[in-house]
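# Breakdown of the fold
Chain by chain, the residues:
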Amino acid sequence: MAENVNLVIFPQIREGEEIDVVKERLCSTLSVDAATVDTWYATQSPTAILKDVDEVTGGKYADAINKCGAQCNLSAKTSPAGHWRT
């Protein structure tokens, strides 16, 4: 049985990427508005953007986000804050 996870996005981008381009890609890929994406990057802390989803679904979103040039990770639903796994 697959465990449920949280998808966490970090307020960082992949080296060599431009922040505005990454944000535009995220808006387009995830079908979210620019204001939402801006809130993810307005903080110094990771933001859980999907909570309690199955690992397969979380993995698909994580792959899409990484292709946009953003950095994210899946964390076990029961992990304490700050203990992110790869």
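Counting starts from 1 at the beginning of each chain's written sequence and moves along it residue by residue. Only residues with pLDDT of at least 70 get local features here, since the model is predicted, and only at 80 or more are side-chain atom pairs given and counted; chain-wide, interface and lining totals rely on the full set of residues. Values shown for side chains rest on all heavy atoms present in the structure; no hydrogens or waters enter the calculation.

### Comments concerning the overall build of the protein
Put simply, DSSP H or I for four residues or longer makes a helix, DSSP E for two residues or longer makes a strand, and each gets a number counted from the N terminus. Along the backbone of the protein there are three helices and three strands. Helices and strands in the protein line up, N terminus first, as β-α-α-β-α-β. Buried means the residue's accessible area, taken with a 1.4 Å probe over protein chains only, is under 20% of the maximum for its type, while exposed means over 50%, and partly exposed covers the values in between. Going through the 86 residues of the protein one by one, you find that 31% of them count as buried. Surface accessibility follows the Shrake-Rupley procedure with a 1.4 Å probe radius. Residue values consider only the protein chains on display as shielding. On the protein, roughly 5,300 Å² of surface is accessible, and the fraction owed to carbon and sulfur atoms is 49%.

### Structural notes on the sheet that holds strand 3 (residues 70-76)
Think of a sheet as strands paired side by side through backbone hydrogen bonds, with each pair either parallel or antiparallel. Note on pairing: two strands pair once DSSP finds at least 2 bridges between them. If you trace the three strands from one edge of the open sheet to the other, you get 2-1-3, paired in antiparallel fashion. Edge positions in the sheet fall to strand 2 (47-54) and strand 3, since each has one partner strand and no second. Geometrically, the sheet is characterised by an average inter-axis angle of 25° between neighbouring strands, direction not taken into account. Relative to strand 3, strand 1 (residues 4-13) runs antiparallel, the two sharing seven bridges. Residue I13 lies in a different strand from strand 3, and its bridge partner there is A70. Note on geometry: axes are lines fitted to C-alpha atoms, helical ones only across the stretch in contact, with angles between N-to-C directions running from 0 to 180 degrees.

### Considering helix 1 (residues 19-30)
Multiplying one less than the number of residues by 1.5 Å gives the expected span of a helix. Helix length check: helix 1 (twelve residues) gives 16 Å between terminal C-alpha atoms against 16 Å at 1.5 Å per residue, within 8%. For helix 1, the set of buried residues is V22, K23, L26, C27 and L30. Down the axis of helix 1, the sector holding all buried residues measures 140°, keeping them to one side. Residues of helix 1 that are exposed and point more than 90 degrees away from the buried face comprise D20, E24 and S28. Arc, as used here, means the arc of the directions from the helix axis to the C-beta atoms.

### Examining the pattern of salt bridges
For this document, the term salt bridge refers to a Lys or Arg side-chain nitrogen within 4 Å of an Asp or Glu carboxyl oxygen. Evaluated as defined, the whole model comprises three salt bridges. A salt bridge links E17 to R14; the nearest nitrogen and oxygen atoms lie 2.9 Å apart. Judged by relative accessible area, which is 35%, R14 ranks as partly exposed. One salt bridge connects D38 with K23, and the closest N-O pair in it is separated by 3.1 Å. One end of the pair, D38, is in helix 2 (residues 34-41); the other, K23, is in helix 1, and 15 residues separate them in sequence. Residue D38 is classed as partly exposed on the basis of its relative accessible area, which comes to 37%.

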